[in-house]
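# Working through the structure, step by step
The primary structure of each chain is shown beneath.
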Amino acid sequence: MATSAQINLTSDITDDALSVNNTANLYLAGGTTDLNTLTSVTKVLESTDHVDLITTGSVATTHSYVYINNPSEDASEFFHIHIGNAVGSGTYDDGTLPTEEIGRLYGGDFMFFPWDVDDDITIKPSVATKMTVEYIVFS
Amino acid sequence: MATQAQLILTSDVSGDPTNVDTGLITLTKAGGTNELDQTTGLGRVHLRSTANKVLFAANAEGNDLAAKVYIINKSEDAALYVTVTINAQTIGKLYGGDFMFIPWSQTDTAASIEVAATNWTSSTGDIPVEYALFHEDTDYLTNA
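So, here's what we can say about the structure. (Residues numbered from 1 in each chain as written. Chains lettered and ligands numbered in written order. Predicted model: local features only at pLDDT ≥ 70, side-chain atom pairs only at ≥ 80, totals over all residues.)

## A few points about the overall build of chain B
- Of regular secondary structure, chain B possesses 1 helix and 12 strands.
- Secondary structure of chain B in N-to-C order comes out as β-β-β-β-β-β-β-β-β-β-β-β-α.
- Over its C-alpha atoms, taken along the principal directions, chain B stretches across nearly 45 × 45 × 25 Å.
- Counting all 144 residues of chain B, 41% fall into the buried class.
- When contacts within chain B are restricted to residue pairs at least 6 apart in sequence, long-range pairs at least 24 apart make up 72% of them. (Helix = DSSP H or I, 4+ residues; strand = E, 2+ residues; numbered from the N terminus. Buried ≥ 20, exposed ≤ 12 C-beta atoms within 10 Å, placed from the backbone. Contact = placed C-beta atoms within 7 Å.)

## A few points about the overall build of chain A
- Regarding its fold elements, chain A presents 0 helices and 10 strands.
- Reading the helices (α) and strands (β) of chain A from amino to carboxyl end gives β-β-β-β-β-β-β-β-β-β.
- The buried share of chain A, reckoned over its 139 residues, is 43%.
- Contacts in chain A between residues far apart in sequence, at least 24 positions, make up 75% of those at least 6 positions apart.

## Considering the nonpolar core
- If you look at the biggest cluster of nonpolar residues, it comprises 75 residues, and the most contacted ones within it are A:Val66, B:Ile71, B:Val82 and B:Phe101.
- Residues in contact with B:Val82, not counting those within four places in the same chain, are B:Leu47, B:Asn73, B:Lys93, B:Leu94, B:Val115, B:Ala116, B:Ala117, B:Ile127 and B:Val129. (Core = buried A, V, L, I, M, F, W, Y, C linked by C-beta atoms within 7 Å.)

## Details of the environment of B:Val84
- As for its placement among the helices and strands, B:Val84 is situated in strand S8 (residues 81-86).
- Excluding residues that lie within four positions of it along the chain, B:Val84 makes contacts with B:Ile71, B:Ile91, B:Gly92, B:Leu94, B:Met100, B:Ile113 and B:Val115.

## Considering the pairing of strand S8 (residues 110-115) of chain A
All names here are of chain A.
- Of all 6 residues that make up S8, 6 are buried, and the element is covered over most of its length.
- Taking every second residue as pointing to the same face, both faces of S8 are buried, with Phe-110, Phe-112 and Pro-114 on one and Met-111, Phe-113 and Trp-115 on the other.
- In this structure, strand S5 (residues 64-69) lies alongside S8, joined through 6 bridges in antiparallel fashion. If you follow Ile-68 over to S8, its bridge partner there is Met-111. (Pairing = 2+ DSSP bridges.)

## A word on the sheet that holds strand S4 (residues 51-54) of chain A
Residues and elements named next belong to chain A.
- Spatially, 4 strands are ordered S4-S9-S6-S7 in an open sheet, and the strand pairing comes out antiparallel. Either end of the sheet is taken by a strand with one partner, and the two such strands are S4 and strand S7 (99-106). When the angles between neighbouring strand axes are averaged without regard to direction, this sheet yields 35°.
- Across 5 bridges, the pairing between strand S6 (residues 78-84) and strand S9 (residues 121-125) is antiparallel. From the neighbouring strand, Ile-81 faces S9, where its bridge partner is Ile-123. (Axes fitted to C-alpha atoms, helices over the stretch in contact; angles between N-to-C directions.)

## Describing the interface of chain A and chain B
- Each side of the interface is counted separately: chain A has 54 residues, and chain B has 54 residues.
- Those elements that place two or more of their residues in the side of chain A that touches chain B are strand S1 (3-11), strand S2 (18-25), strand S3 (38-45), S6, S7, S8 and strand S10 (131-138) of chain A.
- In terms of residues, the side of chain A that touches chain B owes the most to one element, S1(A), which gives 9 residues.
- Of the residues belonging to the side of chain A that touches chain B, the class tally is 27 nonpolar, 20 polar and 7 charged.
- Where S1(A) and strand S1 (residues 3-11) of chain B come together, 9 bridges link them in antiparallel fashion. Bridge pairing links A:Thr3 to B:Ser11 in S1(B). (Nonpolar A, V, L, I, M, F, W, Y, C, P; charged D, E, K, R; others polar.)

## Thoughts on unusual backbone geometry
Residues and elements named next belong to chain A.
- Look at Val-117: it is not a glycine, yet its phi comes out positive at around 60°.
- Mapped onto the elements of the fold, Val-117 is located in the loop between S8 and S9.
- With 22 C-beta atoms packed within 10 Å, Val-117 lands in the buried category.
- Unusually for a residue other than glycine, Lys-130 sits at a positive phi of about 55°.

## Thoughts on the sheet that holds strand S11 (residues 113-116) of chain B
Residues and elements named next belong to chain B.
- Reading across from one edge, S6-S11-S8-S9 is the order of the 4 strands in this open sheet, with antiparallel pairing throughout. Strands with a single pairing partner mark the edges of an open sheet, and in this sheet they are strand S6 (53-56) and strand S9 (89-95). When the angles between neighbouring strand axes are averaged without regard to direction, this sheet yields 30°.
- Where S8 meets S11, 4 bridges bridge the pair, whose relative direction is antiparallel.

Shown next, in the form of structure tokens:
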């Protein structure tokens, strides 16, 4: 069983164009043993509440890789992606949010990162009009 | 000017192989289709400390703006890892050869992205890390 991730990045923002191409074989922590568990989920979110997306209890290891995709074709719709505890419909913007926002995933964007499974991955849609999120956890 | 990213995931962990190909997506400014127009370019550092080091310093003016971060651990030792944190919140560990590609909110000046060669010792050798930031920042020049 093998899992790999390849990224291709190109940019001509600067005069000297940037081109990056790397492939990583994904292993269990600290070795070369292949990952052996995969969870693939598609969810439709119908409110702007800040809710759990991937809980620590759903993963049995302390090292995993997460892919999250916003398949929306509307570039103005986005998800706040956090690590920490969700607050539901509570005090999201009062400065006491018990999470750290990683970033905003706009329509068409994806993210891929290692996750140490210490805290939940949480999500807050920008609109309540049935936004779809896709994710895969490799562990 | 265009910056594009593509991710290809393949796995045969499950009975039916998983194949994800995002295709080349163009990285755009927040909420629209205008292309990102600023970058750090590709940088490289050699980590030789278990302490957190700032890789990208957050600029609170970047909140509500788009930024994408690429980081790769170029070590060939699968056991050597780099811990990535945002505002002291651990995101995950990049083992030798691993990379990450994430949007970055810069919610405030505490939201810097830091890296640490957590299991480095004087006998393990440096951990080379390469990185790039693609972003927008309308106030950058006026702050110079």
